[in-house]
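Coordinates in review
As a plain string of letters, each chain reads:
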There are 2 protein chains.
Amino acid sequence: MPSYNASAKERILDVAGEIFGEKGFKNATIRVIARAARVNIAAINYHFRDKESLYGAVLEEVFSQGFSRFPANMDLAPDADPQQRLRAFIRAMFYRLQSCEGWGGIAGRGRLIARELVDPSPAFEAILDRYIKPHRDLLLTIILDIMGTDPGPRKLMPCVLSIIGQCVYYAMASPVIRRISIDNAPTEENLDRLAEFVWLFSLGGIAKIKEETHLPSKEAV
Amino acid sequence: MPSYNASAKERILDVAGEIFGEKGFKNATIRVIARAARVNIAAINYHFRDKESLYGAVLEEVFSQGFSRFPANMDLAPDADPQQRLRAFIRAMFYRLQSCEGWGGIAGRGRLIARELVDPSPAFEAILDRYIKPHRDLLLTIILDIMGTDPGPRKLMPCVLSIIGQCVYYAMASPVIRRISIDNAPTEENLDRLAEFVWLFSLGGIAKIKEETHLPSKEAV
DNA sequence: GCCAGTTTCAAACAAATGTTTTATTCTCCT
DNA sequence: AGGAGAATAAAACATTTGTTTGAAACTGGC
């Protein structure tokens, strides 16, 4: 995070992430961003051409930093079994999405990603290829290793989506979750606890899916 | 769904749901809504005072219709066991969120709800009390019935969120899911298949959580 | 010391957009 | 038929907002 005396370009990039995340692309105005970055309005267009390009740069910066600060194998022993790899994957996802050091939880950049999932901007296509798809593939192999056998794409991909869905939902629906639940402040303790829960829940889910897959006797429709 | 010859007010309400869902509140302009509803711009302000009130009316209408068309006990036998009640709950949620008769999946009103989860509008507060919270409480009792014993709020509420999270994620991230997965068109067959998957996955998750809860021997930190 | 290139600044521009106004048409009751 | 109230239409208004412009200030190298 750029300090108070960082260059104008860095300050803009940093502040824009916060404001885009909080307000969304359309509601965030370059005037507000400029004021928060202590910069003239024209400086934004000078350094980033236009608002949309600035947004693209922010998106790339946010993903790059998020994945390098919290890689999917965070705190993982080199010889860890697939269950522990899943645990690390989920925990990294929680920290990346919600911790202050990551995408900042409720008020911060996490919502920027949430918004992209709901309606992706043009700049998101590159993010998909560079970050999301490799991340999905990693989870795919972890699940395959846990199961031991391939249940086929009709079961495997939903496993991926169910696991990612849980992680993402906590982050993207946090404004509502805070209203219908409690204890969801993104403190380190809560993130660890929730990640642990989602891990166990998902292990149970994977086991159940595997069990049902290898009991094809019930209904051979 | 109001027919071609419905009253102007009905046409506006109907069309506004579609356009708000597709573009979001800020990006949807009353001029576009007016043209699509074959109505003068001023008619919107005449019938709904201002844009924000129109949005509030749309939100209420969307939730009211969604929950009455697909109640959480959809197709459920009166004497069903808690597992079947969970199945119906999840299936109703998928249909409500994604089917054409419901909130219309990808291009339709489903994304309106997704946007509300990410950043709720002032009008959402009432929706929370009238629809979301009772819905959450219903799921709470179902999970309690499945488990048989109360694992405490630290385990119970996350179960709710994990289940709802899976359902919502399929709907709200559908633009991205379509890109990283396949077979996710909201046809009746696919919705049934996915709901069935999420049901099994969640049953496994609940079982695992229950199992871990009643093995408190491992680490009594 | 001076100059080319870079960066910052204030002001203005043009387009979009929610809202209001005023007039006209429609509807229905007596 | 007539008229009061509801509904619709066209135009104008006031703001907001992304972008551009042209000048000023700054920076580093000769």
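This structure is a prediction, so every number in the text was calculated from the model and none was measured.

Before going further, it helps to spend a moment on the overall build of chain A. Tallying secondary structure elements over chain A gives 10 helices and 0 strands in all. N-terminal to C-terminal, the α/β element order of chain A is α-α-α-α-α-α-α-α-α-α. A fraction of 68% describes how many contacts in chain A between residues 6 or more apart in sequence connect residues 24 or more apart. Of the roughly 10100 Å² that chain A leaves accessible, carbon and sulfur atoms contribute 53%. Measuring between centres, the 28 positive side-chain charges of chain A sit 7 Å from its 27 negative side-chain charges.

A few words on the domain arrangement of chain A. All names here are of chain A. Once the domains are mapped, chain A shows domain 1 (8-58) and domain 2 (59-213). For domain 1 versus domain 2, the distance between C-alpha centres works out to 28 Å. Between domain 1 and domain 2, the residue contacts involve 14 residues of the former and 14 residues of the latter. At the boundary of domain 1 with domain 2, total buried surface from both sides reaches about 1100 Å², with 46% on carbon and sulfur atoms.

All names here are of chain A. Contact geometry for helix α5 (residues 82-98) and helix α8 (residues 153-172): axes closest at 9 Å, N-to-C directions at 25°. Classed by the angle they form, the pair α5 and α8 counts as roughly parallel. Between α5 and α8 the crossing geometry is right-handed. Of the residues in α8, those in contact with L86, I90, M93, F94, L97 and Q98 of α5 are I163, I164, C167, V168, Y170 and A171. For the contact of α5 with α8, a count of residues per class yields 11 nonpolar, 1 polar and no charged.

Turning our eyes to something else, we now look at the relation of the copies chain A and chain B. Superposition of chain A onto chain B requires a rotation of 180° combined with a translation of 0.0 Å along the rotation axis, giving an RMSD of 0.0 Å. Expressed as a symmetry operation, the mapping of one chain copy onto the other fits a two-fold axis. A share of 100% of the interface residues of chain A reappears at the interface of chain B, consistent with the copies meeting face to face through the same patch.

Moving on: the pattern of salt bridges. This model, assessed by the stated rule, comprises 26 salt bridges over all chains. Between R91 of chain A and D75 of chain A there is a salt bridge whose closest N-O contact spans 2.7 Å. A residue pair is termed long-range when its members are at least 10 positions apart, and R91 of chain A in helix α5 and D75 of chain A in the loop between α4 (51-69) and α5 qualify at 16 residues. Exposure remark for D75 of chain A: the relative accessible area of 63% places this residue in the exposed category. The partner of R115 of chain B in a salt bridge is D119 of chain A, and the shortest N-O contact between them spans 3.4 Å. Within this pair, whereas R115 of chain B is found in helix α6 (residues 110-118), its partner D119 of chain A is found in the loop between α6 (110-118) and α7 (124-147), the two belonging to separate chains. Residue D119 of chain A is classed as partly exposed on the basis of its relative accessible area of 29%. The structure contains a network of salt bridges with shared partners spanning D14, E18 and R109 of chain A.

Glancing now at unusual backbone geometry. Residue and element names in this part refer to chain A. Even without glycine at this site, R38 takes up a positive phi of about 55°. On the secondary structure map, R38 appears in the loop between α2 (30-36) and α3 (41-48). For D75, which is not glycine, the phi torsion reads 55° and is therefore positive.

Before going further, it helps to examine the protein's contact with DNA strand C. Looking at DNA strand C, there are 15 residues lining it, with Y46 and H47 of chain A together with I30, R31 and K51 of chain B nearest. Here DNA strand C approaches the protein such that, of its atoms within 4 Å, sugar and phosphate make up 52%. Within the side chain of R31 of chain B, a nitrogen or oxygen atom sits 2.9 Å from a base nitrogen of DNA strand C. Those elements that place two or more of their residues in the surface near DNA strand C are α3 of chain A together with α2 (30-36) and α3 (41-48) of chain B. Grouping the amino acids of the surface near DNA strand C by side-chain chemistry returns 7 nonpolar, 4 polar and 4 charged.

Time to look at the nonpolar core. In this structure, L54, F63 and L86 of chain A together with L54, F63, L86 and I90 of chain B are the most contacted members of the largest nonpolar core, which totals 154 residues. Among residues more than four places away in sequence, those in contact with L86 of chain A are L139, I142, I146, I163, W199, S202, L203 and I206 of chain A.

Residue and element names in this part refer to chain A. Counted by the stated rule, this structure contains 24 aromatic pairs over all chains. Grouping aromatic residues by their ring pairs yields a cluster made of F63, F67, W103, F124 and Y131. The ring of F48 carries K9 above its face, with NZ or CZ at 5.7 Å from the centroid. Of note, K51 hangs over the ring of F25, and the distance from its end group to the ring centre comes to 4.5 Å.

About the thresholds
- Residues numbered from 1 in each chain as written.
- Chains lettered and ligands numbered in written order.
- Predicted model: local features only at pLDDT ≥ 70, side-chain atom pairs only at ≥ 80, totals over all residues.
- Heavy atoms only, no water.
- Helix = DSSP H or I, 4+ residues; strand = E, 2+ residues; numbered from the N terminus.
- Contact = heavy atoms within 4.5 Å.
- Areas by Shrake-Rupley, 256 points an atom, 1.4 Å probe, with all protein chains shown as cover.
- Lys, Arg positive; Asp, Glu negative; His and termini not counted.
- Charge placed at Lys NZ, Arg CZ, Asp CG, Glu CD.
- Domains from an automatic or database assignment.
- Buried area = accessible area lost by both parts, 1.4 Å probe.
- Axes fitted to C-alpha atoms, helices over the stretch in contact; angles between N-to-C directions.
- Parallel < 35°, antiparallel > 145°, perpendicular 65-115°, else oblique.
- Left-handed = near helix turned anticlockwise from the far one by under 90°.
- Nonpolar A, V, L, I, M, F, W, Y, C, P; charged D, E, K, R; others polar.
- Least-squares fit on C-alpha atoms with pLDDT ≥ 70 in both.
- Salt bridge = Lys/Arg side-chain N within 4 Å of Asp/Glu carboxyl O.
- Buried < 20%, exposed > 50% of the residue type's maximum accessible area, 1.4 Å probe, protein only.
- Near = heavy atom within 4 Å.
- Polar contact = N/O pair within 3.5 Å; in protein donor to acceptor, adjacent residues only side chain to side chain.
- Core = buried A, V, L, I, M, F, W, Y, C linked by side-chain atoms within 4.5 Å.
- Phe/Tyr/Trp six-rings, centres within 6.5 Å; stacked < 30°, edge-to-face > 60°.
- Lys NZ or Arg CZ within 6 Å of the ring centre and 35° of its normal.

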